[in-house]
Structure formats: structure tokens, C-alpha cells
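Each chain, written out:
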Amino acid sequence: MSEGLIPLEFDGFGIEFCKKDPYFVAFLRNILYLCNRNNKEMEQTVFELGLLEEARDFLKSLSKEIRGKIGYNIRRVQKGERDNELFKKLDGTEIWEFRTIYNKTYYRLFAFWDKDINTLVVATHGILKKTQKTPKSEIIKAEGIRKQYFENKNKKI
């Protein structure tokens, strides 16, 4: 670290270095405090997201950029944005899909609601596809995972 610079740490945002001017440091800390407080207030979520193993594996298999875009879209929905282009209930089922388009490829993360303990959306698995139509076999797979999830959950109770 260069002489004359001090580390300014703030809540996991990393370390920024600034000149040893106590007024400037205090100013920056106040700005960062206000930004963090506003971010925490805005982070109220409508639901929590749980990822089953296959959904985690799907996301891990994607590039950082694609995972970032999917995560961004999920956070928008979690904060209450209602947009069928992001999160849509599939007709005639209890299955929902998180929808992301990136570089003309459609990414889908299938999920269902579990409202017994808080409000939880459980993601079952994901796919990538070139067309907008969701394969029926993937919907059936998600329904089977949902059924098994609740059967296992009820056995534990």
C-alpha cells in the first residue's frame, strides 16, 4: 500500500483507498453507510429461493455471465416485479419457470411454491433451449420432482 493512503472498508464491498484526509474519509464513510442502508431497505423479498441439487448443478455448468443474468432476473422477481417474461406459471400445472434470454438462447429454471414455512420457491432443474416452447417432458420432470419433494417433506413431519 502506498504511503499516504488508508484502507476504507465497508461491509463486504472490498477495500477502497483514499488520501489521509479525515474529513474526506468521514464523508465517504457516510455516503457508503447511506448507500448500504438504502440497499438493505430495498432488499425486501417476496420469497426465498431454494435450489435443489440438479438446479445448482445446472447453474454451475453455465458461464459466469449467464449465471449473473439469471441471478439478476431472479432478484427482480424476488423484489416483487411481476413480469411473465421473467417468471411465469406454466398452464395446467403447479410449475413455474424463471425465464432468461441471453445471446438468443433461452434459459429456463423450473420451480414450484412451498408456502408451509415462510414463502419459498424451490427450483427443481434447468434447461437451455433455442425456441420459446417449453418441452412437455421437462414440465413432467418438474412435476415429478415437486411430488417427491412434498412426499419426503410430509414423511419428516
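Residues numbered from 1 in each chain as written. Predicted model: local features only at pLDDT ≥ 70, side-chain atom pairs only at ≥ 80, totals over all residues. Heavy atoms only, no water.

Engineer: Got a sec to walk through the nonpolar core? Specific residues and values, please.
Structural biologist: Soluble, globular proteins show a tendency: their nonpolar side chains are buried together. Membership of the largest hydrophobic core comes to 17 residues, with the highest contact counts inside it found for Leu62, Ile70, Phe98 and Leu109. The set of elements that each furnish at least two residues to this core consists of α2 (53-60), α3 (64-78), β6 (105-114) and β7 (120-129). At four residues, the largest contribution of residues to this core is made by α3. If we ignore the near neighbours within four places in the chain, the residues touching leucine 109 are Leu51, Ala55, Phe58, Leu59, Ile74, Trp96, Glu97, Phe98, Ala123, His125 and Gly126. Judged by nonpolar contacts, the second largest core, of nine residues, contains Leu90, Ile95, Ile139 and Phe150. (Core = buried A, V, L, I, M, F, W, Y, C linked by side-chain atoms within 4.5 Å. Buried < 20%, exposed > 50% of the residue type's maximum accessible area, 1.4 Å probe, protein only. Helix = DSSP H or I, 4+ residues; strand = E, 2+ residues; numbered from the N terminus. Contact = heavy atoms within 4.5 Å.)

Engineer: Lay out the pattern of salt bridges with the relevant residues and their values.
Structural biologist: For the structure shown, the criterion picks out six salt bridges. Between glutamate 54 and lysine 141 there is a salt bridge, with the nearest N and O atoms lying 2.4 Å from each other. In this pair, glutamate 54 sits in helix α2 while lysine 141 sits in helix α4 (residues 136-156), placing the two residues 87 residues apart along the sequence. For glutamate 54, a relative accessible area of 35% gives the class partly exposed. The salt bridge involving aspartate 114 is made with lysine 153; its shortest N-O contact spans 2.6 Å. One end of the pair, aspartate 114, is in strand β6; the other, lysine 153, is in helix α4, with 39 residues separating them in the sequence. The class of aspartate 114 is buried, set by a relative accessible area of 2%. Its relative accessible area of 13% is what places lysine 153 among the buried residues. Look at the salt bridges and you will find they share partners, linking Glu97, Arg99 and Arg108 into a network. (Salt bridge = Lys/Arg side-chain N within 4 Å of Asp/Glu carboxyl O.)

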